[in-house]
Amino acid sequence: MKMLQQIHSHAVHSRRVESLTRHLAPLLPPDGLVLDIGCGDGLLGSCLAESNPSLKLKGLDVLVRSDTRIPVTAFDGTTIPFENNSVDSVLLIDVLHHTVDPTVILKEAKRVARKSILIKDHTRNGLFARSTLRFMDWVGNASYGVALPYNYLSYEEWQQMFSTLNLEVTDWESNLHLYPRPADYLFGRSLHFVAKIRVSHEHTAE
């Protein structure tokens, strides 16, 4: 397991962050406050801040590491310790499949976000999708003590959840190229997506 983790750290993690930065940066507001929930070491947040110095990045995580690239606050994984409409955008990058009920944190993200929620996660569609995702999840997260409920949703289940929560999907990209070839043919495929959700508080009680 240790060897697999080292390979993942050196060959996958940095490339993943670079690719996600390219996909996410154009979807963020030109300036303002961005809250990265489940930020880990904060590397992605710091890269996004470097790509647009007008952005201010804050992190939130259940397990706060000793050295992080952005300021990180601990939270209970359920209630976001921010006021309503207090941040411009919320990032949920490979977070929701680590929850038993993703609607809980999505509702909280909708509550605190003024403009948008950006999600990177998985779709449980295609041959051996679930077993492939479980393997990737275990290699990338088991050593950090991250909860692994393996709660992967299909594309149809994602869309149903967004509809139920009155969340409007304005962008959806599943061709992310997170891994070097030929690994991308096995671990990439259409198993990953980045989505931008427009947040509207028109019908939200004050």
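Residues numbered from 1 in each chain as written. Predicted model: local features only at pLDDT ≥ 70, side-chain atom pairs only at ≥ 80, totals over all residues. Heavy atoms only, no water.

## Description of the overall build of the protein chain
Each helix and strand counted, the protein chain has 6 helices and 7 strands in total. The buried share among the 206 residues of the protein chain stands at 45%. Looking at the protein chain as shown, the accessible area adds up to about 10500 Å², and 53% of this sits on carbon and sulfur atoms. (Helix = DSSP H or I, 4+ residues; strand = E, 2+ residues; numbered from the N terminus. Buried < 20%, exposed > 50% of the residue type's maximum accessible area, 1.4 Å probe, protein only. Areas by Shrake-Rupley, 256 points an atom, 1.4 Å probe, with all protein chains shown as cover.)

## Digging into the nonpolar core
Of all hydrophobic cores here, the largest spans 29 residues; its most connected members are Ile37, Ile80, Val90, Leu92, Leu106, Ile117 and Ile119. When contributions to this core are tallied by element, the ones reaching two or more residues are strand 1 (32-37), strand 4 (87-93), helix 3 (102-112), strand 5 (113-122), helix 5 (155-164) and strand 7 (192-198). Broken down by element, the residue count for this core peaks at 4 residues, all from helix 3. In this structure, Ile117 is in contact with Ser89, Val90, Leu92, Leu106, Ala109, Lys110, Leu167, Ala195, Lys196, Ile197 and Val199, ignoring residues within four places of it in sequence. Among the nonpolar cores identified, the runner-up in size contains 27 residues, and Val34, Leu91, Leu133 and Met136 belong to it. (Core = buried A, V, L, I, M, F, W, Y, C linked by side-chain atoms within 4.5 Å. Contact = heavy atoms within 4.5 Å.)

## Comments concerning the side chain of Asp94
The topology assignment puts Asp94 in the loop between strand 4 and helix 3. A distance of 2.6 Å separates polar atoms of two side chains, one belonging to Asp94 and the other to Arg16. What Asp94 contacts, discounting residues up to four positions off in sequence, is Arg16, Lys120, Asp121 and His122. (Polar contact = N/O pair within 3.5 Å; in protein donor to acceptor, adjacent residues only side chain to side chain.)

## A look at the environment of Pro81
Summarising the element assignment, Pro81 is placed in the loop between strand 3 (72-74) and strand 4. Given a relative accessible area of 47%, Pro81 falls into the partly exposed group. Note: C-alpha distance between Pro81 and Glu108 (27 residues apart in sequence) is 9.5 Å.

## As for helix 4 (residues 129-141)
Its 13 residues place the ends of helix 4 18 Å apart at the C-alpha level, agreeing with the 18 Å of an ideal helix rising 1.5 Å per residue. Among all positions of helix 4, only Ala129, Thr132, Leu133, Met136, Asp137, Val139, Gly140 and Asn141 are buried. (Expected span 1.5 Å × (residues − 1).)

## Considerations on unusual backbone geometry
Notably, Asn166 is not glycine yet its phi reads approximately 55°, a positive angle. For Asn166, a relative accessible area of 63% gives the class exposed. Located in the positive-phi region is His177, a residue other than glycine, with phi close to 55°. By secondary structure assignment, the location of His177 is in the loop between strand 6 (168-173) and helix 6 (183-187). Residue His177 is classed as partly exposed on the basis of its relative accessible area, which comes to 37%.

## Observations regarding the confidence of the model for the protein chain
With 87% of its residues at a pLDDT of 70 or more, the protein chain shows a mean pLDDT of 88. No element of the protein chain has a lower mean pLDDT than helix 6, at 65, and none a higher one than strand 4, at 98. A low-confidence stretch, residues 1-8 (pLDDT under 50), is modelled with 12 contacts involving residues beyond four sequence positions or located in other chains. (pLDDT = per-residue confidence, 0-100.)

## A closer look at the pattern of salt bridges
On inspection of all chains with the given rule, the structure shows 7 salt bridges. Among the ionic pairs, Asp94 bridges to Lys120, the shortest N-O distance being 2.9 Å. Placement of the pair is Asp94 in the loop between strand 4 and helix 3 and Lys120 in strand 5, with a sequence separation of 26 residues. We note that Asp94, like Lys120, is buried. The salt bridge partner of Arg198 is Glu168, with a shortest N-O separation of 2.8 Å. Taken together, the positions of Arg198 in strand 7 and Glu168 in strand 6 put the pair 30 residues apart, joining distant regions of the chain. We classify Arg198 as partly exposed; its relative accessible area is 41%. (Salt bridge = Lys/Arg side-chain N within 4 Å of Asp/Glu carboxyl O.)

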